[in-house]
Amino acid sequence: MGRASARRPVTRVRAGVVTAVRPDTVAGEEPLEIRVGGRPLAVTMRTPGDDMDLAVGFLLGEGLIASGADVAAMRYCVSRDGALDADGRPTYNVLDVTLAAGVPAPTAQDARAFYTTSSCGLCGKASIDAVRLRSRFPVADDPLRVAPATVCALPEGLRAAQRLFATTGGLHAAALAGPDGELGAVREDVGRHNAVDKVIGAAARAGRLPLAGRILVVSGRASFELVQKALMAGIPMLAAVSAPSTLAVDLAQEAGMTLAGFVRGDTMNLYAGAHRVMLPERSRTT
């Protein structure tokens, strides 16, 4: 199976002078082809590890399944149809998903004739109408309430739990937290969307959807895609270290989700759903 990190030679230069030539630890990045019922659906560039969680999270985020129970089985393909390396060894880069009985298979329109990149996720859809999906789990009435200090502490806790980032410096992370700020399992990946899929997929496979009362914490920016993935899992709050996009803010406001960006130190920007953060009345503004 592919490795989450590997050693590669590096020449270190300071002020135009070579100071060292040595191996360095680099984040792993390999393609993963997701098939459903033997038919190719999508290819994503990911950090190997937690691939089955990633696949389930991806299918959920695309509205193709409603829960982990919609998946009957998953297996790596090790035949000669692109799943072997030059030396004839399995690459474990092709994962085939078998849906449960009665779950509709993806249509030809669902299939992606392109790959997703580690930086931006799905860069296209069959049509513009397919971009926005309707969640089965509304979040507007979720009673989650959280203290400001708890929200502000989430990124530091996430960073401290990033085992691979500590050695490579090149991975995004995502995790779920409760109203007390306690983080669950942390997932890392070169793609922030993949890290989110891995977290949500793990929860789906454990039968924990919808993720009511939970906070999705991400190490990068809050894009439309990440807000949509959170909504598809029934998560009422997203906290991001960096900035959101206009579409992310619009979707969060429309859905009644709380969206916090630039969560750093003791500050944050609340772009939607500020009522879930327990601010003193005198500090609130209209």
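Let me sum up the structure you'll find in this document. As the structure is a prediction and not an experimental result, all values here were calculated from the model.

Rules used in this analysis
Residues numbered from 1 in each chain as written. Predicted model: local features only at pLDDT ≥ 70, side-chain atom pairs only at ≥ 80, totals over all residues. Heavy atoms only, no water. Helix = DSSP H or I, 4+ residues; strand = E, 2+ residues; numbered from the N terminus. Polar contact = N/O pair within 3.5 Å; in protein donor to acceptor, adjacent residues only side chain to side chain. Contact = heavy atoms within 4.5 Å. Pairing = 2+ DSSP bridges. Axes fitted to C-alpha atoms, helices over the stretch in contact; angles between N-to-C directions. Patch = residues over 30% accessible without salt bridge, like charges linked within 9 Å, V, L, I, M, F, W, Y side chains within 5 Å. Areas by Shrake-Rupley, 256 points an atom, 1.4 Å probe, with all protein chains shown as cover. Salt bridge = Lys/Arg side-chain N within 4 Å of Asp/Glu carboxyl O. Lys, Arg positive; Asp, Glu negative; His and termini not counted. Charge placed at Lys NZ, Arg CZ, Asp CG, Glu CD. Buried < 20%, exposed > 50% of the residue type's maximum accessible area, 1.4 Å probe, protein only.

### What to know about the side chain of Ser219
For Ser219, the position within the fold is in the loop between β10 (215–218) and α5 (224–232). At a separation of 3.3 Å, a polar atom in the side chain of Ser219 contacts the side chain of His172. There is a polar contact of 2.8 Å between the side chain of Ser219 and the backbone nitrogen of Ala173. Those residues in contact with Ser219, other than ones at most four positions away along the chain, are Leu158, Gln162, His172, Ala173 and Val241.

### Overview of the sheet that holds β10
Strands sit in the order β9-β8-β10-β11-β12-β13 across an open sheet of six strands; the sheet is mixed. Across the chains shown, the open sheet's two edge strands, defined by having one partner strand only, are β9 (183–189) and β13 (267–272). Pairs of neighbouring strands in the sheet enclose a mean axial angle of 20 degrees, with direction left out of account. Here strand β8 (residues 172–177) pairs with β10 via four bridges, running antiparallel. Within the sheet, the bridge partner assigned to Leu176 lies in β10 and is Leu216. Against the sheet, helix α4 (residues 192–205) touches β8, β9 and β10, its axis set at about 140 degrees to β9.

### Topic: a positive patch on the surface
A grouping of Arg7, Arg12, Arg14 and Arg22 is seen on the molecular surface, where their side chains present a positively charged patch. Its location among the elements puts Arg14 in strand β1 (residues 5–14).

### Quick notes on the pattern of salt bridges
Side chains bearing opposite charge may pair, as long as their charged atoms lie close to each other. Taken as a whole, this structure holds eight salt bridges when the rule is applied. One salt bridge connects Arg187 with Asp53, and the closest N-O pair in it is separated by 3.7 Å. Highlighted residues: Arg187 in strand β9 and Asp53 in helix α1 (residues 51–61), separated in sequence by 134 residues. As far as the burial class goes, Arg187 and Asp53 line up, both buried. Here Lys198 and Asp189 are joined by a salt bridge, their closest N and O atoms 2.7 Å apart. For Asp189, a relative accessible area of 0% translates into the label buried. Within this structure, Asp50, Asp53, Arg187 and Arg205 form a network of salt bridges that share partners.

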